[in-house]
Amino acid sequence: MNAQSSSVSRPLQAHAQAQAQAPLRRPSVSSRFSYAVSTAERGEDGRAPAHGQIEEEIAEIKRYEDFTTIDWVQDAAQERIRRNTQRRKTAGLYGHGRVSWRYQLWESYDAAQGWIVVTLIGAAIGLNAAFLNIVTEWLGDVKTGYCTTGFYLNENFCCWGEDNGCPDWHSWTGFEPANYIIYILFATIFAFTAATLVKSFAPYAAGSGISEIKCIIAGFVMKGFLGFWTLLIKSVALPLAIGSGLSVGKEGPSVHYAVCTGNVISRMFDKYKRNASKTREILSACAAAGVAVAFGSPIGGVLFSLEEMSNHFPLKTLWRSYFCALVATAVLAAMNPFRTGQLVMFQVHYDRSWHLFETVPYIFIGIFGGLYGAFVIKWNLRVQAFRKKYLTKWAVLEATLLAAGTAIICYPNAFLRIDMTESMEILFLECEGTEDYHGLCEQDKFWSNVLSLTLATVIRIFLVIISYGCKVPAGIFVPSMAIGASFGRTVGVIMQAIYHANPDSVFFSACVPDEPCITPGTYAFLGAAAALSGIMHITISVVVIMFELTGALTYILPTMIVVGVTKIVSDLFGKGGIADRMIWFSGFPFLDNKEEHNFGVPVSTVMTGDVVTIPMHGMTLEAIEALLKEPNYQGFPVVENARNKVLVGYIGKTELRYAIDRLRRDRNTVVSPQAKCNFSPPEVTGVVPITPTVTINNVDLSMSSTSIDFSRYVDATPVTVHPRLPLETVMDMFRKIGPRVILIEHHGNLMGLVTVKDCLKYQFKVEAAENPREEREIAKGHEKLWHVIESIAAWFSTKVADVTGGRIRLGNGSEETSGLLRGSHGQIMDGDEDVGDDGGVELENR
């Protein structure tokens, strides 16, 4: 919809009479202002200093309309008009020979502004990633001990050149149970601090952020989600959450803080502050850079942004994403946070080849990856539903107890005690030429290694299910890769044992004598790829990321085999990874292009038939303002009259509100509430204004005979379809064209309208109707679990009161505990309440 203008006029005869009687005087300020803006729009040298102000004001209004969708048709039209206006202005200046070197310099800067922004953003992302890597490693190691030569050094830097500790690295005490308690205390404190920071300052910093960013790139407006406070708290709380030992990763949140960085920096430049399509390019490029610094994989990051994040990825965005990922990775490499030349800790190199008979265990690993993804997605969504209904009031307590429980469970296991990235580094390595970790490469410890790795796999799966989604910065990339690595290493150890027991078997005939045949580290590497592909439902980007991690050309084919099998198995349980399912769970208006629907119904089944319309003539300003106060409307179809409803156009709520406010502000007088409003569509001309202008004539606006003309605001060419058009086609139009609303007309008469939310509501209703019994059983299971938690809480409260003689009371029975947990007035809280005035708003529930 084109942005339009409004003008105020009286009936022609009265207006001419008033002009004849009035003395000749200088035109008013508002009239001269309108003329200046109008000439600027036509490409003339009108010297309109307020032109940018009007455009900026409307952009700011739309920016702060939370939980709405961007109309990409309107945004593209405005960008074309801006370019045409700039081109006409430039042609006029060159034609008159008035081009100075300053203007040529500004023109060059404007053309190069995109690359300047991408460079600054990439450098900032690389610096932030290096800082987070250093802090995360230290927080992860300080739970187990400290360095005597420098308290600020982690274990790797303290024991430089040593693989299994050194005299300079000391445990906290010489008594192992005391070290166990200190480990738990550190984990609990880190998680409590991270959850408190998130709840107090930036609720949007919780979680991974990938689901929301996909919706934002698609055009969903979420105020504050990419703001400065979210960036700051995410960067501070993320190392604390990882250091606490929770089964969460920093690779998913790295995409969030990278996109936040891009949003904050790009807002400093006018070209990106007012243009949604250009901002979308930057956000897509930032998502690529976030994955690039997380895995040390710039090409993999670009492919991840293409495959997972953006449904609109033109060639220019591809090139910008590549350049941003390149700059971010180069800065990270220059910072060299690990002082090894590696961009990530678990980066390895393989110099051995693989054998054809290993395809069998590779397929088995791929099947595991698909089953793992389906299992975790299913049960994590159930945990999320339980958390949303019962635990959101106690987000900080939940994260703290999860960290304490994780520390208690993980400390006894050698592969769970250490950081997940460090465990992957150990599991990926070849046995020959490296130090052994807890007998992992010793043949006589086969059964203990298999048992330990199997327990690590099962326990980590359980912890990921209950931890992902708690109110701390939390990703699922690395936890899934760690699970796949431990399972893959288990398969590799078993294969190696089978080979040593039967070296002369025909199955192993391809092995060369007196040389290692089976490399268990490669199985761990392939298991990590399978689990990552299974949980996210991505394929090509996983293969490239794993290739860039290892640099092993020979293992591209095994990786493709494993990921292909994982993809086949995953699709048997439904399309879309955990990020897509979280979008569905949160009820965001996002149409996923991965799902293929066949509803078999026309769009008239879904459309809203009872539409509030505006007639072309006769509606008063008072009635218009009453409509604008309604929160459920984003715009109004314009019809000839309320009786025949012949569609003539569409007018947006934002532009209409802005025009009325600016009319009163510029004129500084009272406009009669009974003034008649005109919404006739504008005549088709070659000139379309880039922003609304306000033309004020010298009339008495307080009179009821005043007529307010909004004709230049009306979009005469809205997107319309026939009521019998299939719903699937309309959903494709929303994905590919990107309108905010589609009007339904039949023989020129308005029948209704449809939005993305209408399509999704129908989709949710169809999906719920397929399994109504399962939904009821899940709800009953949640209620039973909640009663168990209430009973445990009441018992614990009673014991504490008995031990302390009643001086400490945590609760007075299950009823009061239930009331506390459910919040005041017995209402379920959503967990995003204390957001203050910074712009965070509670997420809209489906």
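Residues numbered from 1 in each chain as written. Predicted model: local features only at pLDDT ≥ 70, side-chain atom pairs only at ≥ 80, totals over all residues. Heavy atoms only, no water.

Student: Got a sec to walk through the overall build of the chain? Specific residues and values, please.
Tutor: Helix and strand counts for the chain come out as 30 helices and 13 strands. In the chain, which comprises 846 residues, the proportion classed as buried is 54%. For the chain, the proportion of contacts with a sequence separation of at least 24, taken over those separated by at least 6, is 79%. With the model as given, the accessible surface of the chain reaches about 37700 Å², and the carbon-plus-sulfur share is 60%. (Helix = DSSP H or I, 4+ residues; strand = E, 2+ residues; numbered from the N terminus. Buried < 20%, exposed > 50% of the residue type's maximum accessible area, 1.4 Å probe, protein only. Contact = heavy atoms within 4.5 Å. Areas by Shrake-Rupley, 256 points an atom, 1.4 Å probe, with all protein chains shown as cover.)

Student: I'd love a proper account of the pattern of salt bridges, names of residues and values included.
Tutor: Within the structure shown, the criterion is met by 9 salt bridges. Salt-bridge contacts for Glu 281 lead to Arg 320; the nearest nitrogen and oxygen are separated by 3.3 Å. Taken together, the residues Glu 281 in helix 12 (residues 276-295) and Arg 320 in helix 14 (residues 315-335) connect sequence positions 39 residues apart. For the pair Glu 281 and Arg 320, one class covers both residues: buried. A salt bridge links Arg 657 to Glu 625; the shortest N-O distance between them is 3.3 Å. Pair noted here: Arg 657 is in helix 26 (residues 653-667) and Glu 625 is in helix 25 (residues 621-628), with a separation of 32 residues, a long-range link. The structure contains a network of salt bridges with shared partners spanning Lys 214, Glu 308 and Asp 580. (Salt bridge = Lys/Arg side-chain N within 4 Å of Asp/Glu carboxyl O.)

Student: Outline the state of the cysteines, listing residues and values.
Tutor: Each disulfide is one covalent bond, formed between the sulfur atoms of two cysteines. The tally for this structure, following the rule as stated, stands at 2 disulfides. Covalently, Cys 147 is tied to Cys 158 through a disulfide, its sulfur atoms 2.1 Å apart. Residues Cys 147 and Cys 158 are joined by a disulfide whose S-S torsion is about 80 degrees; by sign, that bridge is right-handed. Here Cys 158 lies in helix 6 (residues 155-158) and Cys 147 lies in strand 2 (residues 145-147), a separation of 11 residues in the sequence. What makes Cys 158 buried here is its relative accessible area of 9%. Cys 511 shares a disulfide with Cys 517; S-S distance 1.7 Å. Considered together, Cys 511 and Cys 517 belong to a single accessibility category, that of buried residues. (Disulfide = S-S within 2.5 Å.)

Student: Mind laying out unusual backbone geometry, listing which residues take part and the relevant values?
Tutor: Notably, His 537 is not glycine yet its phi reads approximately 60 degrees, a positive angle. Counting through the fold element by element, His 537 comes out in the loop between helix 21 (520-536) and helix 22 (540-550). One non-glycine residue, His 747, lies in positive phi territory at about 55 degrees. Summarising the element assignment, His 747 is placed in the loop between strand 12 (742-746) and strand 13 (749-754). Judged by its relative accessible area of 75%, His 747 is exposed.

Student: So, the sheet that holds strand 6 (residues 635-639): which residues are in play, and what are the values?
Tutor: Two orientations exist for strands paired in a sheet by backbone hydrogen bonds: parallel and antiparallel. Ordered by their spatial adjacency, 3 strands build an open sheet running 4-6-7, and the pairing between neighbours is mixed. In the strand order of this sheet, the two ends are held by strand 4 (614-615) and strand 7 (647-652), each with one partner. Pairing of strand 4 with strand 6, which is carried by 2 bridges, proceeds in the parallel orientation. Across the sheet, Ile 614 pairs through a bridge with Val 638, a residue of strand 6. (Pairing = 2+ DSSP bridges.)

Student: Now, about the packing of aromatic side chains: what can you tell me, with residues and values included?
Tutor: According to the stated counting rule, one finds 29 aromatic pairs in the structure shown. When the ring of Phe 375 is compared with that of Trp 379, the centres are 6.4 Å apart and the planes differ by 50 degrees; the resulting orientation is tilted. Placement of both Phe 375 and Trp 379 in helix 15 (residues 359-391) is noted, with a separation of 4 residues, approximately one turn of the helix. For Phe 375, a relative accessible area of 42% puts it in the partly exposed group. By relative accessible area, which is 36% here, Trp 379 ends up partly exposed. Centre to centre, the rings of Phe 428 and Phe 525 are 6.2 Å apart; their planes meet at 80 degrees, and the pair counts as edge-to-face. With Phe 428 in helix 18 (residues 420-428) and Phe 525 in helix 21, this pair connects stretches of sequence that are 97 residues apart. (Phe/Tyr/Trp six-rings, centres within 6.5 Å; stacked < 30°, edge-to-face > 60°.)

Student: Any details on helix 19 (residues 446-467)? Residues and values, ideally.
Tutor: With 22 residues, helix 19 ought to run about 32 Å at 1.5 Å a step, and its terminal C-alpha atoms sit 31 Å apart, in line with that. Downstream of helix 19 by a residue or two, Gly 469 has a phi angle that is positive, lying close to 110 degrees. (Expected span 1.5 Å × (residues − 1).)

Student: Quick rundown of the side chain of Ser 297? Include the residues and the values.
Tutor: The topology assignment puts Ser 297 in the loop between helix 12 and helix 13 (298-309). You can call Ser 297 buried: its relative accessible area is 0%. Separated by 3.2 Å, the side chain of Ser 297 and the backbone nitrogen of Gly 300 make a polar contact. Excluding its chain neighbours within four sequence positions, the residues that come into contact with Ser 297 are Ala 292, Val 544, Ile 545 and Glu 548. (Polar contact = N/O pair within 3.5 Å; in protein donor to acceptor, adjacent residues only side chain to side chain.)

Student: If you had to explain the side chain of Thr 457 to someone new, which residues and values would you point to?
Tutor: For Thr 457, the location among the structural elements is in helix 19. The class for Thr 457 is buried, based on a relative accessible area of 6%. With residues up to four places along the chain from it excluded, the contact list for Thr 457 reads Phe 368, Ile 483, Ser 486 and Phe 487.

Student: With reference to specific residues and values, describe the confidence of the model for the chain.
Tutor: Regions with low pLDDT should not have their predicted coordinates read in detail. When pLDDT is averaged along the chain, the result is 77; 77% of the residues meet or exceed 70. Between residues 684-698, whose pLDDT stays under 50, and residues either more than four places distant or in other chains, the model counts 56 contacts. In the model, residues 812-846 has pLDDT below 50 throughout and makes 60 contacts with residues more than four positions away in sequence or in other chains. (pLDDT = per-residue confidence, 0-100.)

Student: Quick rundown of the nonpolar core? Include the residues and the values.
Tutor: If you look at the biggest cluster of nonpolar residues, it comprises 142 residues, and the most contacted ones within it are Tyr 372, Phe 428, Val 472, Ile 476, Met 536 and Met 546. The residues contacting Val 472, other than those within four sequence positions of it, are Ala 191, Ala 194, Ala 195, Val 198, Ala 205, Ala 206, Gly 207, Ala 241, Leu 246 and Ala 399. (Core = buried A, V, L, I, M, F, W, Y, C linked by side-chain atoms within 4.5 Å.)

Student: Which residues make up the packing of helix 8 (residues 210-218) against helix 24 (residues 578-586), and what values go with them?
Tutor: Helix 24 packs onto helix 8 with a crossing angle of 75 degrees between their chain directions and a minimal axis gap of 8 Å. As the angle between them shows, helix 8 and helix 24 are arranged roughly perpendicular. Contact residues: helix 8 offers Ile 210, Ser 211, Lys 214 and Cys 215, while helix 24 offers Ala 579, Asp 580, Met 582 and Ile 583. Class assignment for the residues of the contact of helix 8 with helix 24 results in 5 nonpolar, 1 polar and 2 charged. (Axes fitted to C-alpha atoms, helices over the stretch in contact; angles between N-to-C directions. Parallel < 35°, antiparallel > 145°, perpendicular 65-115°, else oblique. Nonpolar A, V, L, I, M, F, W, Y, C, P; charged D, E, K, R; others polar.)

Student: Would you mind going over the pairing of strand 6 in detail, with residue names and values included?
Tutor: Of all 5 residues in strand 6, 5 are buried, a share of seventy percent or more. Of the two faces of strand 6, the one lined by Gly 635, Pro 637 and Val 639 and the one lined by Phe 636 and Val 638 are each fully buried. Relative to strand 7, strand 6 runs antiparallel, the two being bridged by 5 bridges. Across the sheet, the residue bridging to Gly 635 is Gly 652, located in strand 7.

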